[in-house]
Amino acid sequence: QGFEEVELCISEEDALRARFLLGRTYAALGDAKKAQDNLRRYIEENGPLATYAHLYLADLLTAEGEADKAIDELEEALASDVSAPLASSSLLRLASAYADADKDDLALQTYNRLLEEAATDSYKTQALWGIATVSRRLADGARWQQSLLDLVHQYPASPQAANALE
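These notes cover the structure that comes with them.

Rules and cut-offs
Residues numbered from 1 in each chain as written. Predicted model: local features only at pLDDT ≥ 70, side-chain atom pairs only at ≥ 80, totals over all residues. Heavy atoms only, no water. Helix = DSSP H or I, 4+ residues; strand = E, 2+ residues; numbered from the N terminus. Rg over C-alpha atoms; globule rule 2.2 N^0.38 Å. Buried < 20%, exposed > 50% of the residue type's maximum accessible area, 1.4 Å probe, protein only. Contact = heavy atoms within 4.5 Å. Areas by Shrake-Rupley, 256 points an atom, 1.4 Å probe, with all protein chains shown as cover. Phe/Tyr/Trp six-rings, centres within 6.5 Å; stacked < 30°, edge-to-face > 60°. Lys NZ or Arg CZ within 6 Å of the ring centre and 35° of its normal. Axes fitted to C-alpha atoms, helices over the stretch in contact; angles between N-to-C directions. Parallel < 35°, antiparallel > 145°, perpendicular 65-115°, else oblique. Nonpolar A, V, L, I, M, F, W, Y, C, P; charged D, E, K, R; others polar. Core = buried A, V, L, I, M, F, W, Y, C linked by side-chain atoms within 4.5 Å. Polar contact = N/O pair within 3.5 Å; in protein donor to acceptor, adjacent residues only side chain to side chain.

### Things to note about the overall build of the protein chain
Then, number 1: Broken down by element type, the protein chain carries 9 helices and 0 strands.
Then, number 2: Listing every helix and strand of the protein chain by position from the N terminus yields α-α-α-α-α-α-α-α-α.
Then, number 3: A compact globule built from 166 residues would reach a C-alpha radius of gyration of about 15 Å, whereas the protein chain, at 20 Å, exceeds it by more than 25%.
Then, number 4: When the backbone C-alpha atoms are referred to their principal axes, the protein chain occupies close to 80 × 30 × 25 Å.
Then, number 5: For the protein chain, the proportion of its 166 residues judged to be buried stands at 37%.
Then, number 6: Long-range contacts, defined here as pairs at least 24 residues apart, represent 40% of the contacts in the protein chain between residues at least 6 apart.
Then, number 7: Summing over all exposed atoms, the protein chain offers an accessible surface of approximately 10300 Å²; the carbon and sulfur share of this is 50%.

So this is what it looks like as structure tokens:
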């Protein structure tokens, strides 16, 4: 006996949701190409969770060593209307990505933006630590020292302050 084709009738909304879930599932299974394809299509189809799709794509691209493409995805995610906690997390990821790609001026700008806009003190301490790290690499002793002093004086209980004192 042969199988007959079955026509599935699902709404566009459900199909879009399935595309997003397929992307996440393929990522979990280790198939980065299929994950990226599904997440990109989801973004192109204006899925309501496109910001998250950009962030997941950034993770996949970072794992593949595609720093510039990951940065593009993080920038796209931040260009959308995101909540304060997600914006802080995304800014930290973007600043770190810039630093890892030796785009130090952009890293410093983004860490400074995070310092101003951070939703919590935890992000502010990470921003100051990032500023110190990049400043040290640039041999900017004054900025390095000031960011560590700010960190220790403003957030003495933070893990970063303990690291700064070592």
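### Thoughts on the packing of aromatic side chains
Then, number 1: The full count for this structure, using the stated rule, is 2 aromatic pairs.
Then, number 2: A centroid spacing of 5.0 Å and a plane angle of 50 degrees characterise the contact between Phe-20 and Tyr-42, whose relative ring orientation is tilted. With Phe-20 in helix H1 (residues 12-28) and Tyr-42 in helix H2 (residues 32-44), this residue pair connects regions lying 22 residues apart in the sequence.
Then, number 3: Given the relative accessible area of 10%, Phe-20 is considered buried.
Then, number 4: We classify Tyr-42 as buried; its relative accessible area is 2%.
Then, number 5: Directly above the aromatic system of Tyr-56 lies the positively charged group of Arg-24, at a separation of 3.5 Å from the ring centroid.

### What about the packing of helix H5 (residues 84-100) against helix H7 (residues 121-137)?
Then, number 1: Close contact between H5 and H7 brings their axes to 11 Å; oriented N to C, the two are set at 10 degrees. Comparing the axis directions of H5 and H7 gives the class roughly parallel. Along its contact with H5, which presents Pro-85, Ser-88, Ser-89, Leu-92 and Ala-99, the element H7 presents Tyr-123, Gln-126, Val-134 and Arg-137.
Then, number 2: Partitioned by chemical class, the residues of the contact of H5 with H7 number 5 nonpolar, 3 polar and 1 charged.

### A word on the side chain of Ser-88
Then, number 1: Counting through the fold element by element, Ser-88 comes out in helix H5.
Then, number 2: Classification of Ser-88 as buried rests on a relative accessible area of 1%.
Then, number 3: Ignoring any residue separated from it by four or fewer positions in sequence, one finds Ser-88 in contact with Leu-114, Glu-117, Ala-118, Ala-119 and Tyr-123.

### What about the nonpolar core?
Then, number 1: Within the largest apolar cluster, 25 residues are counted, with the highest numbers of intra-cluster contacts made by Leu-74, Leu-94, Ala-107, Tyr-111, Leu-114 and Val-134.
Then, number 2: Counting only elements with at least two residues in this core, the list comes to helix H3 (50-63), helix H4 (67-79), H5, helix H6 (104-117) and H7.
Then, number 3: A per-element tally of this core places H5 first, with 8 residues.
Then, number 4: Non-local contacts of Val-134, meaning those with residues more than four positions away in its chain, are made with Ala-99, Asp-104, Ala-107, Leu-108 and Tyr-111.
Then, number 5: Leu-16, Phe-20, Ala-32 and Ala-53 belong to the second-largest nonpolar core, a separate cluster that totals 11 residues.

### Description of the side chain of Thr-125
Then, number 1: By secondary structure assignment, the location of Thr-125 is in helix H7.
Then, number 2: Look at Thr-125 and you get buried, because its relative accessible area is 3%.
Then, number 3: In terms of polar contacts, Thr-125 uses its side chain to reach the backbone carbonyl oxygen of Ser-122, at 2.7 Å.
Then, number 4: With residues near it in sequence (within four places) discarded, Thr-125 still touches Leu-151, Tyr-155, Ser-158 and Gln-160.

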